[in-house]
Amino acid sequence: GKMATSRVKHKVAYFHDPEVGSFYYGAHHPFKPHRMQVTHQLILGYELHKKMSCYKPHKASESELKKFHTEEYIDFLLKICPENMDSMREEMSNHNVGKIGENDCPVFDGIFPYCQILAGGSIDGAYRLIDGSADIAINWSGGFHHSRADEASGFCYINDAVLAIIEMLKFYPRVLYIDIDVHHGDGVEEAFWATDRVMTVSFHKYDGIFFPQTGDIVDIGEGSGKYTSINVPLHDGMDDSSYEQVFKPIMRAIMGTYDPKCIVLQCGADSLAGDRLGPWNLSVKAHGDCVDFMKSFNVPMLVVGGGGYVIRNVSRCWAWETAVVTGTEVPNDLPWTDYWDYFAPSYQLHADLRSKGAPYIKNRNTAQYLDGIRKQVFENLRRLQGAPSVQMQEVPPPMYTDLDSEDEDKLTDDQKRVLQLERSVEHPAEYFSTPEFNAQPA
């Protein structure tokens, strides 16, 4: 059987809400929340739920969502529905949402509870890592990396990864965000563009035309965040060996240089071969090797989903990565589920992912190109090490001074911001009320 390489047993927390699979972006929209249900069934079929603590996430409150998103945007998401759309045309265009069938980010029934569930899963995951009850937390229904503070983008309404990282920053001095979706992780990069407390690393297709048209290698962050936004722009046809040639050396160098205390890994599955939107050739095994490699550093890690537009392949990928995270050997023959016929003709986990007769996309990434990208990233990491702003202290300084007892006039702006943030945090106890959900297939 195929087995993960890192041998340390990790405590894993898994977040899933059965409701999430029933939301619908409308006919012909490539994003299908139903893939969550299929993924979950494979995980149950392989009995991986027995290797994890399984939770139903809490629904993130308005105030939790407003830790990143603007008040006005969250109030808009709360109000908008297919029935009142016509009277809210202006707000809709301000926030980049539209009608079903006309917009990447349509207004569909239940849009707000949907956002609350997927954000809740990532926030809860962050808390499990912070309180030490898990070493790795999984929220396959998260990873909505394009969303901005005040607008939707690229099928993403709220940015659960940013919300999780904001919680992590109260406890960890440095957080590393890694994005292996085929699209640039622009929303997360932008949120932390000017701070060195978060390093964002995105591996993606980039040619200036492919969505979201950003993520060139010269985009490195600014101010105290200079050199802590890392972009790895790649061409069509990335295959397993090309990916390994950039991913492992770059991540090894980053772990050595930046020394993060917590990791968020966005595992968008649209980087797999055969995707409807992504032009790459990765296998499930190679995609999962990224998860396995990051797990081997033994740093607390939140693993989230992301893109992925061929349901059978997304669910294969995330089921396999759940096996990798839990260090479980699973047979290549898929377990029986309600969705058995999705997996014809092979009915296997590691299979040819392309649909019948689909052309093989030529790999346009030469060894020379990949070598140049690697060298450029290493050069930026060298500059980061020399940058005066990165003092690698273990504890984020403003967090552990007792800010309340000091004369507030003497606080720096940063400390005042943190003080406000800390006063706005609900008591953590309410995060731990998530009941063990009955992990039997419905």
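The text that follows walks through the structure, step by step, so that each part is easy to find. (Residues numbered from 1 in each chain as written. Predicted model: local features only at pLDDT ≥ 70, side-chain atom pairs only at ≥ 80, totals over all residues. Heavy atoms only, no water.)

### Concerning the overall build of the protein
Within the protein one finds 13 helices and eight strands. Expressed as a percentage of its 442 residues, the buried residues of the protein come to 58%. Partitioning the contacts of the protein with sequence separation of at least 6, the portion at a separation of at least 24 is 79%. Accessible area for the protein stands at about 17,700 Å²; split by element, carbon and sulfur atoms hold 51% of it. (Helix = DSSP H or I, 4+ residues; strand = E, 2+ residues; numbered from the N terminus. Buried < 20%, exposed > 50% of the residue type's maximum accessible area, 1.4 Å probe, protein only. Contact = heavy atoms within 4.5 Å. Areas by Shrake-Rupley, 256 points an atom, 1.4 Å probe, with all protein chains shown as cover.)

### Thoughts on the packing of helix α8 (residues 240-258) against helix α11 (residues 367-386)
For the pair α8 and α11, interaxial distance at closest approach is 10 Å and the crossing angle is 5°. In terms of orientation, α8 and α11 fall into the roughly parallel class. Along the contact surface, α8 presents S242, Q245, V246, P249, I250, A253, I254, T257 and Y258, while α11 presents L370, R374, V377, F378, L381, L384 and Q385. Taken together, the residues that form the contact of α8 with α11 break down as eleven nonpolar, four polar and one charged. (Axes fitted to C-alpha atoms, helices over the stretch in contact; angles between N-to-C directions. Parallel < 35°, antiparallel > 145°, perpendicular 65-115°, else oblique. Nonpolar A, V, L, I, M, F, W, Y, C, P; charged D, E, K, R; others polar.)

### Structural notes on unusual backbone geometry
A cis amide bond, omega -5°, links F211 with the succeeding residue P212. Mapped onto the secondary structure, P212 falls in the loop between β5 (198-205) and β6 (229-234). Note that the residue after A344, namely P345, is joined by a cis bond; omega there is 0°. You can see P345 is positioned in the loop between α10 (311-326) and α11. In the Ramachandran plot, E47 falls in the positive-phi region, its phi being about 60° despite a non-glycine side chain.

### Some remarks on the sheet that holds strand β4 (residues 175-179)
Taken together, the eight strands give an open sheet; going across it, the order is β2-β1-β3-β8-β7-β4-β5-β6, and neighbouring strands pair in parallel fashion. The outermost strands of the open sheet, each flanked by one partner alone, are β2 (53-55) and β6. On average, adjacent strands in this sheet sit at an angle of 15° to one another, irrespective of strand direction. Note: β5 against β6, six bridges, orientation parallel. Residue F203 lies in a different strand from β6, and its bridge partner there is V232. Of the strands in this sheet, β5 and β6 touch α11, which is tilted by about 175° from β6. (Pairing = 2+ DSSP bridges.)

### Details of the packing of aromatic side chains
Applying the stated criterion to the full structure yields 25 aromatic pairs. Ring plane angle 40° and centroid distance 4.8 Å describe the contact between Y25 and F31, whose orientation is recorded as tilted. Of the two residues, Y25 and F31, neither departs from the other in class, the shared state being buried. Geometrically, the ring pair formed by W340 and Y347 is stacked, given 4.5 Å between the ring centres and 15° between the ring planes. Under the relative-accessibility criterion, W340 is labelled partly exposed at 26%. You can call Y347 partly exposed: its relative accessible area is 27%. (Phe/Tyr/Trp six-rings, centres within 6.5 Å; stacked < 30°, edge-to-face > 60°.)

### Observations concerning the pairing of β6
Across the six residues that make up β6, a large majority, six, are buried. Residues S229, N231 and P233 line one face of β6 and the alternating positions I230, V232 and L234 line the opposite face, and both faces are buried.

### Description of the environment of C262
By secondary structure assignment, the location of C262 is in strand β7 (residues 262-266). In this structure, the C-alpha to C-alpha distance between C262 and R174, residues 88 residues apart in sequence, is 7.0 Å. Ignoring any residue separated from it by four or fewer positions in sequence, one finds C262 in contact with L129, M168, Y172, R174, V175, L176, V299 and P300.

### Re the packing of α8 against helix α9 (residues 284-295)
At their nearest, the axes of α8 and α9 sit 10 Å apart, and the two run at 15° to each other. It follows from the interaxial angle that α8 and α9 lie roughly parallel. You can see that α8 and α9 cross each other, and the crossing is right-handed. Of the residues in α9, those in contact with D240, Y243, F247, K248, M251, R252 and M255 of α8 are A286, C290, F293 and M294. Its residues assigned to classes, the contact of α8 with α9 shows eight nonpolar, no polar and three charged. (Left-handed = near helix turned anticlockwise from the far one by under 90°.)

### Things to note about the nonpolar core
A general trend in soluble globular proteins is that nonpolar side chains are found buried together. Y114, Y157, F203 and M251 are the most contacted members of the largest nonpolar core, which has 133 residues in total. The element that contributes the greatest number of residues to this core is helix α5 (residues 111-130), accounting for twelve residues. Residues in contact with M251, not counting those within four places in the same chain, are L176, I178, V201, F203, F293 and M294. (Core = buried A, V, L, I, M, F, W, Y, C linked by side-chain atoms within 4.5 Å.)

### A word on the environment of C156
Considering the arrangement of structural elements, one finds C156 in the loop between β3 (136-139) and α6 (160-168). Classification of C156 as buried rests on a relative accessible area of 4%. Separated by 31 residues in the primary sequence, C156 and G187 have C-alpha atoms spaced 9.6 Å apart. C156 has contacts with C105, F144, H145, H146 and S147, leaving out every residue within four places of it along the chain.

### Regarding the environment of S242
The topology assignment puts S242 in helix α8. Expressed as a C-alpha distance, the spacing of S242 and T366, which sit 124 residues apart in the sequence, is 8.5 Å. Those residues in contact with S242 that lie beyond four places of it in its chain are N363, N365 and L370.

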